[in-house]
Structure formats: structure tokens, C-alpha cells
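# Examining the three-dimensional arrangement
Below, each chain spelled out in residue letters.
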Amino acid sequence: MKTAFVLAGLVLVAVACGKEINPNYCLANPEDVDCPAIDAGTACTSSAECMGATPVCDTTGSMTCVQCLPDQARACTGVTPTCGDDERCRGCGAHAECAVSNACSPDGACADEGDVAYVGGPGATDNEMCTKAAPCTKVMKALARGRAYVMLAGTIDEGATVVIDSENVTLLAQPGAKLVRTTGVILEVKGSSQVAVYDVEINGGGGRR
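Rules behind the numbers
Residues numbered from 1 in each chain as written. Predicted model: local features only at pLDDT ≥ 70, side-chain atom pairs only at ≥ 80, totals over all residues. Heavy atoms only, no water. Disulfide = S-S within 2.5 Å. Helix = DSSP H or I, 4+ residues; strand = E, 2+ residues; numbered from the N terminus. Buried < 20%, exposed > 50% of the residue type's maximum accessible area, 1.4 Å probe, protein only.

### As for the state of the cysteines
With the rule as written, the count across this model stands at 7 disulfides. Disulfide partner of C50: C65, at an S-S distance of 2.1 Å. Handedness of the C50-C65 disulfide follows from its S-S torsion of about -85°: it is left-handed. Of this pair, C50 sits in the loop between helix 2 (25-28) and strand 1 (56-57) while C65 sits in strand 2 (residues 65-66); the two residues are 15 residues apart in sequence, bridging distant segments of the chain. Grouping residues by exposure puts C50 and C65 together as buried. Across a sulfur-sulfur distance of 2.1 Å, C76 and C89 are joined as a disulfide pair. One disulfide, between C76 and C89, carries an S-S torsion of -80° and so falls in the left-handed class. Taken together, the positions of C76 in the loop between strand 2 and strand 3 (82-83) and C89 in strand 4 (residues 89-90) put the pair 13 residues apart, joining distant regions of the chain.

Here you go:
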């Protein structure tokens, strides 16, 4: 045990010396607690010189460290997945800003594709899976997938009441999406359901609950 402690001490001394004699040490070891994070506005010539909250070098513009660039939006994650015009990460403001899932959730994060059931729009068929690649034609089939989000596109006539019973789900919609019916209740929420509806036009029918 004594030998182990001595070796650990020797390693720490060697690293400390390395910091002093190698001016690029912190660039290669940004996780070291003694290496300060480079702040926004710090001059740079490559992203290797940037770290922390501003990991990208704007090599074609300001030549400073920024949060992101349009062609390097991977630096933006979580509830701020979109690179804004000011080169700062922000929440998504439109479904089109979420390239993978095409679904922007209310908190500004891009929903995972696997958490979304897709209904309507070009290419929709009468299937049970309701995936982005193969959207289904019925909202009730999408609800049966048990996913956190249901994305509507185009005009959808279910032909019957859409019943949400004891489910927690968020209904999202592409621009212009409509849930319609000639007669009868269009949408009914029952039981202990917690349902949020965003941008869905509900039109026609004899009422909605």
C-alpha cells in the first residue's frame, strides 16, 4: 500500500511539471481541474483550442470560440438542440429543425424518433407501426403504440371518435394538420389521461371533449 501511494505521488508531480513546460497541455487535457475553460470570444484558429461551453472555433468568421455553427450543430444537445443565427444553442422552434425525428417537443428538445407515432401526410398507409418512414392513417392506431408523442400531418378523418382513455400523450402537428369529422364527437379524453395538444386544428363534428 505504501508503494502505491508513492507511485501516485510521482505521477502527479510529473503531470504538474508537464503543465509548466508544455504550453499546449490544457488544449490536450481540457478535463483537468487546473485548466480553465475557454470562454466565448476567445481567439482561436481551430476547434481544438476551444472547450467547455464554447467548443467550436468560427474559422470562417470571427476566429473566436462559439457554442456552435450551422454546419456543426452537433455541439447543441438536450433542450437546446438548434444552432441559432447568433452561434448559440437554443431550443427548437419548429419540427423541421429536428432532422432525425421531425418532432420538436414543447420543452424545446427534439423528441427521439422512437418516442413518436406518426399519422397522416404523404406516404401514410393503413399499417400498425406508425413510424416516420411508414406513417399510419389512424390516430387510434398511433395511440395504440403507447408512445409519448403522436405527430399528425395533413387532414385526418378518423371516421369515429378518437378516444384517449387513461393515457399520457402529447399530440403534435405539422403545419396545416387537421383532425376532422363530419358528425359526432371528434376527440374524447377519459379516465386519468393527461393529454397536451399543440397546433392541431380540430374541425367539424358535433363537438369535442
